[in-house]
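Coordinate analysis (summary)
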Amino acid sequence: MNQQAEVKSEEKKLIIFLDCGDTIIDEGTEIRDEAGIVIHGKVIPGADIMVKTLAERGYRLALVADGDAQSFKNLLTQNGLYDYFESLTYSEPVKASKPSPRMFKAAVGAMDLSEKDYSRIIMVGNNLSRDVRGANQLGITSVFLSWTQRYPKAPADDLEIPNYTISDPQELVDLVEALNLKLS
C-alpha cells in the first residue's frame with residue numbers, strides 16, 4: 001500500500017462543525033420566499049471544493065447553523081453539498097441559536113460523540129459572537145472565517161477570540177490536516 005493510500009484509510013480524529021451562511025453559502029446571494037425560507041444561494045468561492053475535499057479525505061462533517069431546516073436543505077442540495085454532511089443541526093428544531101451550548105451539544109449527540117470528544121472538534125464559522133463564542137464556551141476549538149464584511153471582525157471580549165483565523169475557505173483544508181496531525 002502506498003503512503004497516500006495509507007493516509008486516506010487512516011481514520012481521522014478531528015471532527016469538523018461548519019456554519020453555513022458566509023461560511024459555505026454567500027449570504028449576499030440568498031433569495032428568500034414569502035415565508036422567509038431561503039430558496040436559492042451561491043457558495044462562497046472555493047467553499048464547495050473545501051467541503052468535498054475534507055469529506056473525501058475522510059473527515060466527519062457536521063453542519064451547525066442558525067435558521068430553518070428547509071433553507072439549509074435547499075441551499076446544500078442545490079449546490080451539491082447536502083450528502084457530504086454526516087449530521088445537520090439547525091436552530092429551528094433545537095429551539096436555540098448559537099452561541100447556546102444546546103446547539104453544539106445537539107450536534108455532538110447527533111454524531112454519537114460526548115463531552116470527552118470536545119478537544120477533537122473544531123467549529124468553523126463567520127460570526128465571532130455566535131460561532132466562536134459558542135465553541136470557546138465549551139472548550140471546542142474555534143476557527144473564524146473572516147471572509148465577509150457583514151459581521152464584526154473585532155472580538156467584543158475574550159470569549160470571541162478565535163483559536164485560528166482564516167480568510168478563505170480553502171485555507172481550512174491545510175489547517176484541518178495540521179490539527180488532525182497534532183491529535184495523532
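What you see is a predicted model; the values in this text were computed from it and never measured.

1. Thoughts on the side chain of aspartate 66
- Following the sequence through the fold, aspartate 66 ends up in the loop between strand E4 (60-65) and helix H3 (69-78).
- Relative accessible area serves as the criterion here: at 18%, aspartate 66 is assigned to the buried category.
- Separated by 2.9 Å, the side chain of aspartate 66 and the backbone nitrogen of lysine 98 make a polar contact.
- Side-chain polar atoms of aspartate 66 contact the side chain of arginine 130, separated by 3.2 Å.

2. Points about the packing of helix H2 (residues 47-56) against helix H7 (residues 171-183)
- Relative orientation of the contacting elements H2 and H7 amounts to 25°, with a least axis distance of 9 Å. Between H2 and H7, the interaxial angle falls into the category roughly parallel. Packed against H2, whose contacting residues are Met50, Thr53 and Leu54, the element H7 presents Leu172, Val173 and Val176 at the interface.
- Here the contact of H2 with H7 is composed, by residue class, of five nonpolar, one polar and no charged.

3. Some details on the confidence of the model for the chain
- Of all residues in the chain, 95% have pLDDT values of 70 or greater, and the mean over the chain is 94.
- Here residues 1-9 scores under 50 on pLDDT; set against residues more than four positions off or in separate chains, the count is three contacts.

4. Considerations on the layout of surface pockets
- Counted as a void, the largest pocket has a volume near 330 Å³.
- Every residue lining the largest pocket is counted, 20 residues in all, and those nearest its centre are Gly21, Glu27, Arg32, Asp66 and Phe72.
- Considering every element that reaches the lining of the largest pocket, the biggest residue donor is H3, with three residues.
- Of the residues belonging to the lining of the largest pocket, the class tally is six nonpolar, five polar and nine charged.

5. A look at the pairing of E4
- Of all six residues in E4, five are buried; the element is thus mostly enclosed.
- Summarising the sheet, strand E1 (residues 15-18) and E4 pair through four bridges and their orientation is parallel. Residue pairing in the sheet places leucine 18 in a bridge with leucine 63 of E4.
- Two elements, E4 and strand E5 (residues 87-90), share four bridges in a ladder whose sense is parallel. Counted as the bridge partner of valine 64 is threonine 89 from E5.
- Handedness of the β-α-β unit built from E4, H3 and E5 comes out right-handed.

The rules behind these values
- Residues numbered from 1 in each chain as written.
- Predicted model: local features only at pLDDT ≥ 70, side-chain atom pairs only at ≥ 80, totals over all residues.
- Heavy atoms only, no water.
- Helix = DSSP H or I, 4+ residues; strand = E, 2+ residues; numbered from the N terminus.
- Buried < 20%, exposed > 50% of the residue type's maximum accessible area, 1.4 Å probe, protein only.
- Polar contact = N/O pair within 3.5 Å; in protein donor to acceptor, adjacent residues only side chain to side chain.
- Axes fitted to C-alpha atoms, helices over the stretch in contact; angles between N-to-C directions.
- Parallel < 35°, antiparallel > 145°, perpendicular 65-115°, else oblique.
- Contact = heavy atoms within 4.5 Å.
- Nonpolar A, V, L, I, M, F, W, Y, C, P; charged D, E, K, R; others polar.
- pLDDT = per-residue confidence, 0-100.
- 1 Å grid on protein atoms, 1.4 Å probe; cavity = no way out; pocket = protein on both sides within 12 Å on 5 of 7 lines; lining within 4 Å.
- Points joined across faces, edges and corners; volume = space filled by probe spheres on them.
- Pairing = 2+ DSSP bridges.
- Right-handed = clockwise from strand over helix to strand, strands pointing away.

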